[in-house]
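# Coordinates in review
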Amino acid sequence: MRLAAISDDISTFFDAVGEFFGSLAEVQPGPLAIGLLCFGIYLSLRARAFFHVLRAAYPTERIEYRRIWGAYVAAYGFNNVVPARGGDVIKLFLSRTSVPRSSYPAVGAAFFVEGVFDATMGVFILTFAFTQGVFPKPPDFSKLGAFDLSFFASHPRFTLFFLTALGVLSLVLFAVLSRRVQAFWERVQQGLTILYDRPRYFREVWMVQFVGWLFRFTAFFFLLEAFNIGGSVKNVLLVLGVNAVAAIVPFTPGGAGVQQAFLVKVFGAGAVAYSVGQQIAIATFSLALGFIALVTIFRFRSFKEVIAAGREARAAEAAAEGFPVEPDFDKDARTRRLDEPREDRRRRRAERRASGRR
């Protein structure tokens, strides 16, 4: 039965894609271009806020904004084509290599600083959306036809257990990755440094994110116009509410299935082409922007190459701390320059031979 539900979701999605391409001639290119431009500015401002978080954590290090911007847009683009926010791994690795003498726990903790703004705005947006009479209530999520959201809505006890277990597991895994737990938490605290200076946080992070949010609002206004749904404050806030719900269940690329189901429910059957068209437009734009950043700033040729290099660098770092990790990566990734000195790699190989490992 579950397989049938997934099959129906896939069939519905491709039907919507076909309807979108069938009505492509009706899309207004002017508003579409303005919407995507505003969305690019939104991403740049979010990257600027993240840059300020890292600069507060490492005040004595020289950090280039263009590299943090590149890491941010590359991760966002990758998240739109892979499920479960796989692009965050890219963001972590590229940001870590862009900040001299930084650590993965500190950079990872900096991710959570962005969530403070998202949580405060999310409460306002969802409160508005649920009071408009067109937004489905949580008990009705299981009837929307999006398999991932329907499954969790139909099994509330499992959902609560899953979220609790996921939070506990995340804390345990982060702690295990550190040889010294106390040092690990000190690095986490370092990544959250800017939160302890509230005026600076509000000025350099919250307000920057808010200005970015205004550009995001404008982007969706013009995208609604481009796909002939009609741009208005109410419609944009409903779209932002849909995105907020989709972000909670990130099991599809960019929350595609959830967004499509919600948008059709909110705006009616006439929004089928828009629900897919908006997703395709943003995904294509952000993926292209991210790929350009990878090639021009970080000199990588593909997202796969970034992931492989990140795993190898993490394995080398873990081995240097005393963990017996044996990375297994393709030839291209193995030949990429690592931060670890050549003498240390030779020493590790000699130690493995001495211990009888091949």
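If you're wondering where the values come from, they're calculated on a predicted model, not measured in any experiment.

## What about the overall build of the chain?
- The number of helices and strands found in the chain is 15 helices and 0 strands.
- In the chain, buried positions account for 44% of the 358 residues.
- For the chain, the share of sequence-separated contacts (at least 6 apart) that also reach a separation of at least 24 residues comes to 69%.
- Total accessible area on the chain is roughly 18700 Å²; 64% of this is exposed by carbon and sulfur atoms.

## Some thoughts on the side chain of N235
- Looking at the secondary structure, you find N235 in helix α10 (residues 233–248).
- Within polar-contact distance, the side chain of N235 engages the backbone oxygen of G230 at 2.8 Å.
- Residues contacting N235, with those up to four places away along its chain left out, are L224, I229, G230 and F267.

## Some remarks on the confidence of the model for the chain
- Averaged over all residues, the pLDDT of the chain is 77; the fraction at 70 or higher stands at 65%.
- Here residues 1–11 is a poorly scored stretch, pLDDT under 50, and it has 8 contacts once near neighbours within four places are set aside; other chains count.
- Counting contacts from residues 323–339, a segment whose pLDDT is below 50, to residues more than four positions away or on other chains yields 29 contacts.

## Some details on the nonpolar core
- Counting 74 residues, the largest nonpolar core has L54, F93, L94, F135, W213, F220 and L240 as its most contacted members.
- When residues of this core are assigned to their parent elements, the largest contribution, 12 residues, is made by helix α2 (residues 29–57).
- Setting aside residues up to four positions removed in sequence, F93 forms contacts with Y104, F300, V306, A309, G310 and A313.

## With respect to the packing of aromatic side chains
- Scanning the model with the defined rule gives 15 aromatic pairs in all.
- Seen from their ring centres, F221 and F222 are 5.6 Å apart, and the 80 degrees between their planes marks the pair as edge-to-face.
- Its relative accessible area of 29% is what places F221 among the partly exposed residues.
- If you follow R48 out to its NZ or CZ, it ends over the ring of Y65, 4.9 Å from the centre.
- In this structure, K91 packs its charged tip against the face of F111, placed 4.5 Å from the ring centre.

## Thoughts on the pattern of salt bridges
- Per the stated rule, a full pass over the model turns up 9 salt bridges.
- In this structure, the salt-bridge partner of K91 is E114, at a minimum N-O distance of 2.8 Å. Here K91, found in helix α4 (residues 87–98), pairs with E114, found in helix α5 (residues 104–130); they are 23 residues apart in sequence, far enough to count as distant.
- Note on E114: relative accessible area 5%, which makes it buried.

Parameters and conventions
Residues numbered from 1 in each chain as written. Predicted model: local features only at pLDDT ≥ 70, side-chain atom pairs only at ≥ 80, totals over all residues. Heavy atoms only, no water. Helix = DSSP H or I, 4+ residues; strand = E, 2+ residues; numbered from the N terminus. Buried < 20%, exposed > 50% of the residue type's maximum accessible area, 1.4 Å probe, protein only. Contact = heavy atoms within 4.5 Å. Areas by Shrake-Rupley, 256 points an atom, 1.4 Å probe, with all protein chains shown as cover. Polar contact = N/O pair within 3.5 Å; in protein donor to acceptor, adjacent residues only side chain to side chain. pLDDT = per-residue confidence, 0-100. Core = buried A, V, L, I, M, F, W, Y, C linked by side-chain atoms within 4.5 Å. Phe/Tyr/Trp six-rings, centres within 6.5 Å; stacked < 30°, edge-to-face > 60°. Lys NZ or Arg CZ within 6 Å of the ring centre and 35° of its normal. Salt bridge = Lys/Arg side-chain N within 4 Å of Asp/Glu carboxyl O.

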